[in-house]
Amino acid sequence: QVQLVESGGGLVQPGGSLRLSCAASGSISSIISMGWYRQAPGNERESVAVITSGGSIHYADSVKGRFTISRDTAKGTVYLQMNSLKPEDQAFYYCCAYGPQFDRDYVRVVHFWGQGTQVSVSS
């Protein structure tokens, strides 16, 4: 099992910065990728940034040049540095880990989700 705990959310003005942290525990070495997703009211949950175990990084077009995802592999911690925040960035942000879940009879690859943290951007 993998457990995820997010922190760092809050209220900022447009143009401000915020850093989110996601601490993973459990079968950390088995994690294939980790990333950040967000969901605003009335919208679908969307991928913001993902980093794989091999170090590949993928960003949503809407955050390229403004957000940076990084990791401390040994600690199982992933960060999301958010700069030049816009009102449209306001959403509930979730940390996600993709990896195996070992059941008694078989193993399957699943997504593990944290509880999320609120990011508000308002003038």
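Residues numbered from 1 in each chain as written. Predicted model: local features only at pLDDT ≥ 70, side-chain atom pairs only at ≥ 80, totals over all residues. Heavy atoms only, no water.

A few points about the side chain of Thr 117
Within the element layout of this structure, Thr 117 appears in strand S11 (residues 117-121). At a separation of 3.2 Å, a polar atom in the side chain of Thr 117 contacts the main-chain amide nitrogen of Gly 9. Apart from the residues within four sequence positions on either side, Thr 117 is in contact with Glu 6, Gly 8, Gly 9, Leu 20, Ala 91, Phe 92 and Tyr 93. (Helix = DSSP H or I, 4+ residues; strand = E, 2+ residues; numbered from the N terminus. Polar contact = N/O pair within 3.5 Å; in protein donor to acceptor, adjacent residues only side chain to side chain. Contact = heavy atoms within 4.5 Å.)

Side note on the sheet that holds strand S7 (residues 67-72)
Read across the open sheet, the four strands follow the order S1-S3-S8-S7; overall the sheet is antiparallel. Of all the strands in the sheet, just strand S1 (2-7) and S7 have a single pairing partner and so form its edges. On average, each strand axis in the sheet is tilted by 15° relative to the strand beside it, whichever way the strands run. Pairing of S7 with strand S8 (residues 77-82) involves six bridges; the strand directions are antiparallel. The partner of Arg 71 across the bridge, within S8, is Val 78. (Pairing = 2+ DSSP bridges. Axes fitted to C-alpha atoms, helices over the stretch in contact; angles between N-to-C directions.)

Describing the state of the cysteines
The bond known as a disulfide is covalent and runs between the sulfur atoms of two cysteines. Here the structure, examined in full by the defined rule, presents one disulfide. Covalent S-S linkage joins Cys 22 and Cys 95, the inter-sulfur distance amounting to 2.0 Å. A torsion of -80° about the S-S bond marks the disulfide between Cys 22 and Cys 95 as left-handed. Here Cys 95 lies in strand S9 (residues 91-102) and Cys 22 lies in strand S3 (residues 18-26), a separation of 73 residues in the sequence. As far as burial versus exposure is concerned, Cys 22 and Cys 95 are alike and both buried. Considering cysteine sulfurs only, Cys 95 is the nearest to Cys 96, which forms no disulfide, with 7.2 Å between them. (Disulfide = S-S within 2.5 Å. Buried < 20%, exposed > 50% of the residue type's maximum accessible area, 1.4 Å probe, protein only.)

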